[in-house]
Number of protein chains: 2
Amino acid sequence: MPSQQSIRPREEEQFLRFLRGRGLRVTAARRALCREIFAQHGHIDADQVHAALAGAGHAVSRATVYRNLDLLVEAGLVHKVRLGGHRAVFEHVHAGGDHDHMACRRCGRIVEFVSPAIGALLTEICRAHAFDPGESRLQILGLCRACAASARPAALPLEAARA
Amino acid sequence: MPSQQSIRPREEEQFLRFLRGRGLRVTAARRALCREIFAQHGHIDADQVHAALAGAGHAVSRATVYRNLDLLVEAGLVHKVRLGGHRAVFEHVHAGGDHDHMACRRCGRIVEFVSPAIGALLTEICRAHAFDPGESRLQILGLCRACAASARPAALPLEAARA
DNA sequence: TCGACTGTTGAGACGGCATCTCAAAAAGCC
DNA sequence: GGCTTTTTGAGATGCCGTCTCAACAGTCGA
Ligand SMILES: [Zn+2]
Ligand SMILES: [Zn+2]
Ligand SMILES: [Zn+2]
Ligand SMILES: [Zn+2]
């Protein structure tokens with residue numbers, strides 16, 4: 001398969017380098033998974049990845065999807081996000097850099113936002129507590145504009161509980 | 001049981017008011033659960049609540065623990081927190097107000113912190129996106145001071161991925 | 001090129017946590 | 001106390017993810 005190789009995006013190159021650097025093998029499943037993730041935009045869960053691969057004629061088992069998604073996370077190419085404590089979703093790390101999420105409780109819509117100021121505050125807080133930060137998760141659950149409008153016109157406002 | 005009633009704390013009163021206001025019944029299980037949660041300090045998971053109740057001679061089923069913890073959350077008396085996407089932990093809402101969490105990946109220790117500045121930023125961000133905030137979850141996963149010290153003296157620093 | 005060595009895969013069992021089911025028990029109401 | 005409706009308990013079920021292990025397939029050296 002020569003032409004397939006030629007359009008291999010740089011993310012796949014990166015993944016292959018990561019694999020070789022670790023003494024791991026380059027397999028068909030890993031390449032297909034990597035290509036599929038970077039073909040998708042937005043957030044996608046493990047089962048959707050599984051289905052997408054099957055649809056693309058590269059069926060792999062669920063176990064393989066999970067294993068290699070973890071590998072992509074370790075390679076730093078993909079983020080694993082848990083919104084609302086349920087099923088984890090994955091998204092490729094895009095050039096823009098880090099972002100956080102607002103998730104609508106009603107329709108499930110996910111809105112992304114970037115706040116360098118928050119990142120700076122977190123760094124400062126960790127330093128103050130001598131805590132070595134690995135990863136931060138910041139999510140806001142609530143109602144998106146559309147759902148808030150259609151919800152209850154004269155509703156009692158939700159208290160803004162922080163948990 | 002007369003004296004038991006007399007020391008009933010105000011949180012239990014609040015819960016009872018919440019129940020009556022919803023047309024729900026005041027049961028022994030609900031009162032025991034409420035008392036147990038407010039007797040505990042810090043973070044406690046559903047099974048710990050279950051065990052604590054059994055130990056206190058108020059055994060209830062796991063299903064009842066889950067159902068009524070949800071009720072306490074709805075009443076706004078208890079927060080449900082998911083750290084690292086694993087087992088949910090509960091904590092009573094204490095007077096001091098909102099706080100967020102740092103969780104150690106190695107020993108599981110939970111450190112709380114308060115940052116009004118972050119709260120203000122979040123409010124601002126929600127306004128900018130016309131998003132009606134209900135609840136925010138901010139967690140930092142990493143290594144606590146003790147674990148970071150004992151981990152790897154000349155370790156390669158973890159990249160601070162934001163997810 | 002051809003094994004041999006070793007990492008990887010697939011199918012399904014398994015696990016933790018949470019929710020659901022439904023008959024029996026208890027709360028509220030008169 | 002008797003009636004109605006909610007709540008409970010025990011266990012089944014479900015979801016999401018991980019594990020097991022035999023078969024398979026990269027990789028590499030001969
Ligand atoms: Zn919405
Ligand atoms: Zn995102
Ligand atoms: Zn620690
Ligand atoms: Zn806390």
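Keep in mind that this is a model prediction, so the values were computed, not measured.

Side note on the coordination of the zinc ion (ligand 4)
Residues and elements named next belong to chain B.
- The coordination sphere of the zinc ion (ligand 4) contains the protein donors His43 (NE2), Glu91 (OE), His99 (NE2), His101 (NE2) and Glu112 (OE), at a distance range of 2.1 to 2.2 Å.
- Considered as a linear motif, the donors of the zinc ion (ligand 4) on their single chain read H-x47-E-x7-H-x1-H-x10-E. Of this pair, His43 sits in the loop between helix H3 (28-39) and strand E1 (44-45) while Glu112 is found in strand E5 (residues 110-113), placing the two residues 69 residues apart along the sequence.
- Among the residues examined, His43 registers a relative accessible area of 23% and is labelled partly exposed.

Some words on the relation of the copies chain B and chain A
- For the match of chain B to chain A, the screw axis carries a shift of 0.0 Å, the RMSD comes to 0.4 Å, and the turn is 178°. A rotation of that kind, with that shift, is consistent with a two-fold axis. Identified as the residue of chain B closest to the rotation axis by C-alpha distance is Leu138 of chain B, at 2.1 Å.

Regarding the domain arrangement of chain A
Residues and elements named next belong to chain A.
- Splitting chain A by domain gives domain 1 (1-94) and domain 2 (98-153).
- In this structure, domain 1 and domain 2 have C-alpha centres spaced 25 Å apart.
- With nine residues of domain 1 in contact, the opposing surface of domain 2 contributes nine residues.
- Of the roughly 740 Å² buried at the junction of domain 1 and domain 2 (both faces included), carbon and sulfur atoms supply 57%.

Topic: the interface of chain B and chain A
- Taken together, the contact between chain B and chain A spans 49 residues of the former and 49 residues of the latter.
- For the pair chain B and chain A, the summed buried surface comes to about 4800 Å²; carbon and sulfur atoms form 58% of the total.
- Joining chain B to chain A, the criterion identifies zero salt bridges.
- Contributing elements (two or more residues each) for the side of chain B that touches chain A: strand E2 (78-82), strand E4 (100-104), E5, helix H6 (116-128), strand E6 (132-143), helix H7 (145-151) and strand E7 (161-162) of chain B.
- Counting residues per element, the side of chain B that touches chain A draws most heavily on E6 of chain B, which supplies 12 residues.
- For the side of chain B that touches chain A, the residue count by class is 25 nonpolar, 12 polar and 12 charged.
- Where strand E6 (residues 132-143) of chain A lies against E6 of chain B, 11 bridges are found, and the strand directions are antiparallel. Bridge pairing links Leu143 of chain A to Asp132 of chain B in E6 of chain B.

Side note on the sheet that holds strand E1 (residues 44-45) of chain A
Residue and element names in this part refer to chain A.
- One open sheet holds the three strands; their spatial order is E1-E3-E2, and the pairing between them is antiparallel. On the outer flanks of this sheet lie E1 and strand E2 (78-82), each paired with one strand and no other.
- As defined by bridge partners, E1 adjoins strand E3 (residues 88-92) across two bridges and the pair is classed as antiparallel. Bridge pairing in E3 links Asp45 to Val89.
- Against the sheet, helix H5 (residues 62-74) makes contact with E2 and E3, and its axis sits at roughly 110° relative to E2, the strand it touches most.

What counts, and where the lines are drawn
Residues numbered from 1 in each chain as written. Chains lettered and ligands numbered in written order. Predicted model: local features only at pLDDT ≥ 70, side-chain atom pairs only at ≥ 80, totals over all residues. Heavy atoms only, no water. Donors = N, O, S within 2.8 Å, 3.2 Å for Na, K, Ca; no water. Helix = DSSP H or I, 4+ residues; strand = E, 2+ residues; numbered from the N terminus. Buried < 20%, exposed > 50% of the residue type's maximum accessible area, 1.4 Å probe, protein only. Least-squares fit on C-alpha atoms with pLDDT ≥ 70 in both. Domains from an automatic or database assignment. Contact = heavy atoms within 4.5 Å. Buried area = accessible area lost by both parts, 1.4 Å probe. Salt bridge = Lys/Arg side-chain N within 4 Å of Asp/Glu carboxyl O. Nonpolar A, V, L, I, M, F, W, Y, C, P; charged D, E, K, R; others polar. Pairing = 2+ DSSP bridges. Axes fitted to C-alpha atoms, helices over the stretch in contact; angles between N-to-C directions.

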